[in-house]
Amino acid sequence: MKLESKKESKKENKVFKVVIVGAGVVGSAIARELSMYKNLEVSVLEAEDDVCCGTSKANNSHIVCGADVNANTIELEMVKRSNRRWEQLAKELDIEFVRCGSFNVALSDDEFNNVLPAIKKSAEESGVMSTRIIDRRELLEYEPNVSPEARGALYIPDDGSMLSYYLVLALAENAAQNGVKFYFEKRVTDIKYDLLAKHKYNIKCEDNFVIDADFVINSAGLYSDKISKLAGWNNFDIHPRKGEFWVLDKKYGNKVNSIVYGCPQPDYRGTTVVRTRDGNLMVGPTARDLVDKEDKSTSEWGLEKAWEAGKKIFPWLEKSMTIHQYVGLRARCATIKDYIIGWHPDGEQPFINAAGIRSTGISGSIGIGEYVTELLAQRISLEMNADFNPYRKGIKSFAKAESKEEKEKLIAENADYAKIVCRCQKVTEAEIKAALDNPLGVHSLDAIKRRTKAQMGRCQGGFCTSRIISIIEEKKGIDPLTITKRGSGSEVVVARTKEVL
Amino acid sequence: MNTNNTCDVYDVIVVGAGPAGLSAAIAAANSAAEDSKSKVLLIERDKTFGGILNQCIHNGFGLHLFKKDLTGPEYAEHFIKELKEKKNITSWCNTFVLEVLPKKDLHEVVCVSREHGLCTLKAKAIVLAMGCRERTRGHLALPGTRPAGIFTAGTAQRLTNIEGLMPGRRVVILGSGDIGMIMARRLTLEGAKVEAVVDRLPYVSGLTRNRVQCVDDFNIPLYLNHTVTFIKGNKRVEAVEIADVNDLQNSNSRRLIECDTLLLSVGLIPENELTEAAGIAMDAKTAGALVDDNFQTSIPGIFACGNVLHVSDLVDYVSSDAAIAGCAAAHFAALTVVNKHNSIKVTTGENVTYSVPQMINIPATSATSATSATTKEVTLSYRVKTPLKDVRTVITNQKDGKIIFEGARKKIMRPGEMERVKFNLNKDQMEKIEHSLLLEVK
Amino acid sequence: MSTKKIITCISCPMGCDCDTENLESITCSAGRKYVQNELTNPQRVVTTTIRVKGSNGRSSSLLPVRTSTAIPKNDIFKLMDLTRKVEVELSADSISSIKCGDIIFKDIGGSGIDLIATSSK
């Protein structure tokens, strides 16, 4: 309190009951779950300029039901808990979720006769009894364009698909609406624990941002080992596993209906071809273990590998169909082959790790939120917040409005729906402006992209980037020179014309 | 020019008001001059007419058509002035065409704008003139990180010349296409340092005059036979790695160029999403529609011209071809009976990448009407595959191998500069060509 | 490597490489004239933009311009420096106060160069 009365313009001091470090899918799911309780002041510290800037955005939108998750793991438990909630959650958060099923395609008799039964058996060991081995004829009913070599497949009907960044945005926005405070570009540099202090944790971020907390939850993804070490929990390291992906033009979207894998590789599930809820096909990922957590670069080698694997399942794939490539770094722990979730092992510190989240992070996120809340309830009594509003409205998409009448209705409500800004994805000015009004208050080009899909199409922002800059400038009164792609340091332009020398 | 009139049925709707659309709309309006009721609608998605010409502030336009050296905006102004004088053209800007729907009697165009909302318009004929878009980093699958500072050359041009925003200070340009070289000069003039222009081909892919005036004039290092192999930088581009394409495996051939910006000028793609969705037959070589010498597509009454048909290097030819398309569309709209004709194919042979039109109409010959045709003038636009020295264009009847046309010997032909020939088919030749002509350069 | 200077002629699309030490080897008259000019007094038309003062509330708006004639190549950057410092003003009462073809700056900065608007504002 005394600190606040002092005039310290730069130094902010905030106090929260719970501070969550990291706003990926796990942090956002925990934040939303905790926002259901009224005696918690929760904040989230995120190093990047928006939620969903790391692993959570860079995956293939596959929601697994647990068939390929090892039995007797926390991971499986989390995935199963989540799996019970997707339909309801999708309704509450206004996001699309479809149980489209997934397939492991056998491309040889050996795979059909030996590999498929083995994966079916292991799915059953993990408690997923609904899988079926189907023959080529039945596979063709689901995926008519699959390779002529395909002998059949293991069909996992309970798997589903959801755009991961839509999920994270929706969770975070709903949490924010229910009182969780998000801080962006706050990279945690130090965590001080003092058993005797009023608030046991004093957390320092870059730029002299300081925050006090009673509880800390670490969901820092790739950096969760570093955060954990700051709290003296040292026994694991996160080594990123790189996956490279190709994105195809939407016009080929109808060639694949669901999520189609080859047979699993020894140490990872293999490359898949997926149709996302947005209608793009994606080919990937690869799996390559790294040391450098910042290495988000695509490589010729990795892309080629993913492509070859995809082409085996769908031989008609041509590189000329692709519009983009990207990388996801799975935040896995090399030594512990499971999620690391629980209280600090010293038995005293009010610090929870939600770390080592392997490639199933999106699928396990909701369960993790639930479980971490239960952990917290062991040490504080949580009171339900009667005002909690589980509903969050997404931005209505002009392109997704199916009928003429629906489109006309959107325009009648808001004339900005009649102005197309992103030509490839047909995103309107109304949607860009709605994205700029997001409850998290972020406004980088990538933030707009994840919320509207503008710049995500075949021209990759060639046409609309300059128009979006103008809209941000106009609506938010932001100098175009300070508009970034994704946070400070990534300013899009460097100066005004006539001012470079 | 009207801006607000709507009517039940338009004679011609032109989609896109860049150089092709402007020229097509004016030609359509002109050729229907006697019929005052004839109506042309020109639809443009941007807020101004002229398309990409508005950001092409450099000169070099109009040398063929006007015998003048004009800048892009000046060239556009010429057409926009004429457009405004035409009473039978209605022009809508800020209007986005969502769909072109071919119908048996009247075709339909679905568009949306603040002024008119979502509307479905009917037309007797449609001219597609949507232009093209730039190939991106994603098309090349260029490895590396994805920081700020990667632009297509055209986007950078718009930012610099229209928005007044500089894309970077130290720039590497991949691809020696025309826009890339023009931007090398433009950014240099505005105070940026262009560290390199890199092209994987052994020659520049744009016009020679652009190499001389945009690259050589400013001593910008030109790396032919090279490509960018990696992009570095987390938040903003920090450097790009380039390598000799003939020696890609040799790490010694790789070098790092520090820069904050990478511009891509690696080709243009006709914007044919509307065309393909309408079910119009496409040419894989041009990535545009298959057309006859009236620029009519496989669907009667739908025409295509300009860069949506095939990517041109000189706007003058775009304008003159688009005028033919516009005129033909107006004629189609005025027709009550479709004239019968046969079509012959133009096949591309030795050294030729593609040729437009792909089809030539010749009047249906019948023994009873011997007077139907005498000669027909044909213009073909085409590109050679590689730079060729001391060659000529030869067109033969594929059936009997007889030479129909032989061009003058040219010292050099380059892929970056479109070739055009004009020749006459006489009645005798037309009768003898059964299926196709063969276009070769040798 | 020879130090012999080659000039690529751009007076026609052929783009011949011309040997500057042996002008007789250049067979066409346009080419010879071009190379001669390049050797003695190379000139270029310069196109650029000029800032428009406070137009439309947008932070910046530019007017495209060109030099009225080709100017000596060596003067290009001098001209660019001059164009950076000037602004054109739109008269408040007229919507279209600048017409394509108008001389915007006569003898800019005493350089003897006239700048012409290439678009209407």
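Colleague: Please provide a residue-by-residue account of the overall build of chain A, values included.
Modeller: Check the secondary structure of chain A and you find 14 helices and 22 strands. Relative to its length of 501 residues, chain A is compact, with a C-alpha radius of gyration of 23 Å against a globular reference of 23 Å. Taken along the three principal axes of its C-alpha coordinates, chain A extends 75 × 60 × 50 Å. Expressed as a percentage of its 501 residues, the buried residues of chain A come to 60%. For chain A, the exposed surface amounts to about 19700 Å²; the carbon and sulfur share of it is 49%. Here chain A carries 74 positive and 72 negative side-chain charges, and the mean point of each set is 2 Å from the other.

Colleague: Any details on the interface of chain C and chain B? Residues and values, ideally.
Modeller: Each partner contributes to the interface: chain C provides 27 residues, whereas chain B provides 29 residues. Of all residues in chain C, I10, M14 and T47 of chain C bury the most surface against chain B, accounting for 22% of the area lost on that side. The tally of links from chain C across to chain B stands at four salt bridges. Where D217 of chain B meets R44 of chain C, a salt bridge forms, and the shortest distance between an N and an O atom there is 2.5 Å. Across the contact surface, chain C and chain B share 13 residue pairs in polar contact (both at pLDDT 80 or more). Going through the elements one at a time, strand 4 (47-52), strand 5 (62-67) and helix 2 (76-85) of chain C are the ones with two or more residues in the side of chain C that touches chain B.

Colleague: Tell me about the packing of aromatic side chains, residues and numbers included.
Modeller: Inspection of the entire model under this criterion finds 23 aromatic pairs over all chains. Between F61 of chain B and Y75 of chain B the ring centres are 6.4 Å apart and the planes differ by 50 degrees, which places this aromatic pair in the tilted class. Of the two residues, F61 of chain B is situated in strand 3 (residues 59-61) and Y75 of chain B in helix 2 (residues 72-85); the sequence distance between them amounts to 14 residues. Residue classification places F61 of chain B among the buried positions, given a relative accessible area of 12%. Under the relative-accessibility criterion, Y75 of chain B is labelled buried at 0%. One aromatic cluster is present, built from ring pairs that chain together Y193, Y201, W233, F236 and F351 of chain A. Against the face of W343 of chain A rests R379 of chain A, its NZ or CZ located 3.8 Å from the ring centre.

Colleague: Requested: an account of the sheet that holds strand 18 (residues 261-264) of chain B, with residues and values cited.
Modeller: Residue and element names in this part refer to chain B. Read across the sheet, five strands follow the order 10-18-12-13-14 without closing on themselves; strand pairing throughout is parallel. Of all strands in the sheet, those bounded by a partner on one side alone are strand 10 (150-152) and strand 14 (222-224). Each strand axis lies, on average, 20 degrees off the axis of its neighbour in the sheet, ignoring direction. Two elements, strand 12 (residues 170-174) and strand 18, share four bridges in a ladder whose sense is parallel. The residue of strand 18 that forms the bridge with I173 is L263. Sheet strands in contact with helix 4 (residues 153-163) are strand 10 and strand 18, and its direction is about 95 degrees off that of strand 10.

Colleague: Quick one: what's the story with empty space enclosed by the protein, residue by residue and with numbers?
Modeller: All names here are of chain B. Inspection of the entire model under this criterion finds four cavities of 30 Å³ or more. Here the largest cavity defines a volume of roughly 60 Å³. Taken together, F295, G306, L309, H310, S312, Y317, V318, D321, S381, M418 and R420 make up the full set of residues lining the largest cavity. By residue number, the principal contributor to the lining of the largest cavity is helix 8 (residues 315-334), which donates three residues.

Colleague: Any chance you could break down the side chain of N178 of chain A for me, citing the residues and the numbers?
Modeller: Residue and element names in this part refer to chain A. Mapped onto the elements, N178 comes out in the loop between helix 7 (164-177) and strand 8 (181-183). For N178, a relative accessible area of 16% translates into the label buried. Within the structure, N178 has its side chain in polar contact with the backbone nitrogen of N389 (distance 2.9 Å). Sequence-distant contacts of N178, that is, excluding residues within four places in its chain, are made with S35, D387, F388 and N389.

Colleague: For the sheet that holds strand 16 (residues 239-244) of chain B, give the residues involved together with the corresponding values.
Modeller: Residues and elements named next belong to chain B. Ordered by their spatial adjacency, three strands build an open sheet running 15-16-17, and the pairing between neighbours is antiparallel. Both edges of this open sheet fall to strand 15 (226-232) and strand 17 (255-258), since each of them pairs with a single strand only. Strand-to-strand, the axes of this sheet are offset by a mean angle of 30 degrees, without reference to chain direction. Bridge count for strand 15 against strand 16 is six bridges, and the pairing is antiparallel. What sits directly across from V228, in strand 16, is I242.

Colleague: Tell me about the domain arrangement of chain B, and please be specific about residues and values.
Modeller: Residues and elements named next belong to chain B. Structurally, chain B comprises domain 1 (6-133 + 269-334), domain 2 (136-266) and domain 3 (341-441). Interface area for domain 1 against domain 2, summed over the two sides, is near 930 Å², with a carbon-plus-sulfur share of 52%. Its largest share of buried area at the contact with domain 2, domain 1 owes to Q55, I57 and H58, together 52% of the area lost on that side. Scanning the region where domain 1 abuts domain 2 turns up one salt bridge. The partner of D46 in a salt bridge is R158, with the nearest N and O atoms 3.9 Å apart. Along the contact surface separating domain 1 from domain 2 lie four residue pairs in polar contact (both at pLDDT 80 or more). Grouping the constituent residues of the side of domain 1 that touches domain 2 by class yields five nonpolar, four polar and two charged.

Colleague: So what's going on with the packing of helix 4 of chain B against helix 5 (residues 178-189) of chain B? Residues and values would help.
Modeller: Residue and element names in this part refer to chain B. Closest axis-to-axis distance for the helix 4/helix 5 pair is 9 Å, and the angle between their directions is 35 degrees. Helix 4 and helix 5 meet at a crossing whose hand is left-handed. Facing A153, G154, A156, Q157, T160 and N161 of helix 4, the residues of helix 5 in contact are I179, G180, I182, M183, R186 and L187. A per-class count over the contact of helix 4 with helix 5 returns six nonpolar, five polar and one charged.

Colleague: Can you tell me about the interface of chain A and chain B, naming the residues and giving the values?
Modeller: Across the boundary between the two partners, chain A contributes 56 residues, which contact 49 residues of chain B. For the pair chain A and chain B, the two sides together bury roughly 4400 Å², of which 54% comes from carbon and sulfur. Taken as a group, V494, T497 and V500 of chain A account for 13% of the area that chain A buries against chain B, more than any other trio of residues on that side. For the pair chain A and chain B, the interface holds eight salt bridges. Here E48 of chain A and K235 of chain B are joined by a salt bridge, their closest N and O atoms 3.3 Å apart. Taken together, the elements giving at least two residues each to the side of chain A that touches chain B come down to helix 9 (300-313), strand 17 (322-333), helix 11 (404-413), helix 14 (465-476) and strand 22 (495-496) of chain A. Looking at which element gives the most residues to the side of chain A that touches chain B, the answer is strand 17 of chain A, with six residues. Of the residues belonging to the side of chain A that touches chain B, the class tally is 21 nonpolar, 15 polar and 20 charged. As paired elements, strand 22 of chain A and strand 11 (residues 165-166) of chain B share two bridges and run antiparallel to each other. Across the sheet, the residue bridging to R496 of chain A is L165 of chain B, located in strand 11 of chain B.

Colleague: Explain the environment of C263 of chain A residue by residue, including any values.
Modeller: Residue and element names in this part refer to chain A. Looking at where C263 falls in the secondary structure, it is placed in the loop between strand 13 (259-261) and strand 14 (272-275). You can call C263 buried: its relative accessible area is 9%. Distance in space between the C-alpha atoms of C263 and L169 is 32 Å, their sequence separation being 94 residues.

Colleague: Lay out helix 2 of chain C with the relevant residues and their values.
Modeller: Residues and elements named next belong to chain C. Of the positions making up helix 2, those classed as buried are I76, L79, M80, T83 and R84. Viewed along the axis of helix 2, the buried residues span an arc of 145 degrees, placing them on a single side of the element. Set apart from the buried face of helix 2 by more than 90 degrees, the exposed residues are K78 and K85.

What counts, and at which threshold
- Residues numbered from 1 in each chain as written.
- Chains lettered and ligands numbered in written order.
- Predicted model: local features only at pLDDT ≥ 70, side-chain atom pairs only at ≥ 80, totals over all residues.
- Heavy atoms only, no water.
- Helix = DSSP H or I, 4+ residues; strand = E, 2+ residues; numbered from the N terminus.
- Rg over C-alpha atoms; globule rule 2.2 N^0.38 Å.
- Buried < 20%, exposed > 50% of the residue type's maximum accessible area, 1.4 Å probe, protein only.
- Areas by Shrake-Rupley, 256 points an atom, 1.4 Å probe, with all protein chains shown as cover.
- Lys, Arg positive; Asp, Glu negative; His and termini not counted.
- Charge placed at Lys NZ, Arg CZ, Asp CG, Glu CD.
- Contact = heavy atoms within 4.5 Å.
- Buried area = accessible area lost by both parts, 1.4 Å probe.
- Salt bridge = Lys/Arg side-chain N within 4 Å of Asp/Glu carboxyl O.
- Polar contact = N/O pair within 3.5 Å; in protein donor to acceptor, adjacent residues only side chain to side chain.
- Phe/Tyr/Trp six-rings, centres within 6.5 Å; stacked < 30°, edge-to-face > 60°.
- Lys NZ or Arg CZ within 6 Å of the ring centre and 35° of its normal.
- Pairing = 2+ DSSP bridges.
- Axes fitted to C-alpha atoms, helices over the stretch in contact; angles between N-to-C directions.
- 1 Å grid on protein atoms, 1.4 Å probe; cavity = no way out; pocket = protein on both sides within 12 Å on 5 of 7 lines; lining within 4 Å.
- Points joined across faces, edges and corners; volume = space filled by probe spheres on them.
- Domains from an automatic or database assignment.
- Nonpolar A, V, L, I, M, F, W, Y, C, P; charged D, E, K, R; others polar.
- Left-handed = near helix turned anticlockwise from the far one by under 90°.
- Arc of directions from axis to C-beta.

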